[in-house]
Amino acid sequence: DGFACILQNVNLDYAMNLADELFNLAENLLEELEIDSSITIGVTTRMARLISAKKFISEAVSASNKAALEQSIPIVAFIPNPEKYKTYVTEKMELK
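Every value quoted in this text rests on a predicted model; they were computed, and no experiment measured them. (Residues numbered from 1 in each chain as written. Predicted model: local features only at pLDDT ≥ 70, side-chain atom pairs only at ≥ 80, totals over all residues. Heavy atoms only, no water.)

Counting across every chain of the model gives one salt bridge. For Lys66, the salt bridge is made with Glu70, and the minimal N-O distance between the two is 3.6 Å. Residue classification places Lys66 among the partly exposed positions, given a relative accessible area of 42%. (Salt bridge = Lys/Arg side-chain N within 4 Å of Asp/Glu carboxyl O. Buried < 20%, exposed > 50% of the residue type's maximum accessible area, 1.4 Å probe, protein only.)

Here it is in structure tokens:
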């Protein structure tokens, strides 16, 4: 189960701070309700990249999955590899 939240004009530092606040609020609420569940948050930003919504969500899910594997790190940011992005853009342009 999960949800996605897209914020416009937000940099990675702001997004990570917001994710931390959201995590703490959600964790406190679960404790108050005596619900034993774990929370993970995956963060990504466009960072001056032109990517599809599908790829954008895929990055956030990938980061969240990484957070689920690292129990001590519940919030993970997806940091794009510039070379992989260059290859991705080149391939997309060749398909057109």
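There's more to say after this.
A separate point is the side chain of Thr44. Mapped onto the fold, Thr44 is located in the loop between strand E1 (41–43) and helix H2 (53–69). Only 2.7 Å separates the side chain of Thr44 from the side chain of Glu59, close enough to count as a polar contact. If sequence neighbours within four positions are ignored, Thr44 has contacts with Arg49, Phe56, Glu59, Ala60 and Phe78. (Helix = DSSP H or I, 4+ residues; strand = E, 2+ residues; numbered from the N terminus. Polar contact = N/O pair within 3.5 Å; in protein donor to acceptor, adjacent residues only side chain to side chain. Contact = heavy atoms within 4.5 Å.)

Formed by Ala15, Ala19, Phe23, Leu30, Ile39, Ile41, Val43 and Ile75, the largest nonpolar core amounts to eight residues. Elements represented by at least two residues in this core include exactly helix H1 (12–32) and E1. Broken down by element, this core gets its largest block of residues, four residues, from H1. Not counting chain neighbours up to four residues away, the residues in contact with Phe23 comprise Ile39, Ile41, Pro74 and Ile75. (Core = buried A, V, L, I, M, F, W, Y, C linked by side-chain atoms within 4.5 Å.)

Turning next to H2. Here H2 spans 25 Å end to end across 17 residues, near enough to the 24 Å set by a 1.5 Å rise per residue. Buried within H2 we find Phe56, Glu59, Ala63, Ser64 and Ala67. In an axial view of H2, the angular spread of the buried residues amounts to 130°, which keeps them on one side of the axis. In H2, those exposed residues whose orientation departs by more than 90 degrees from the buried face are Lys54 and Leu69. (Expected span 1.5 Å × (residues − 1). Arc of directions from axis to C-beta.)

Let us now look at a positive patch on the surface. Side chains of Lys54, Lys55, Lys84 and Lys92 sit close together on the surface and give a patch of like positive charge. Counting only elements with at least two residues in the positive patch, the list comes to H2 and helix H3 (82–95). Counting through the fold element by element, Lys92 comes out in helix H3. (Patch = residues over 30% accessible without salt bridge, like charges linked within 9 Å, V, L, I, M, F, W, Y side chains within 5 Å. Areas by Shrake-Rupley, 256 points an atom, 1.4 Å probe, with all protein chains shown as cover. Lys, Arg positive; Asp, Glu negative; His and termini not counted. Charge placed at Lys NZ, Arg CZ, Asp CG, Glu CD.)

Once that is clear, we can look at the environment of Met47. Along the polypeptide, Met47 turns up in the loop between E1 and H2. Residues Met47 and Leu12, spaced 35 residues apart in sequence, show a C-alpha to C-alpha distance of 8.3 Å.

Just geometry here; none of it tells us what the structure is for.
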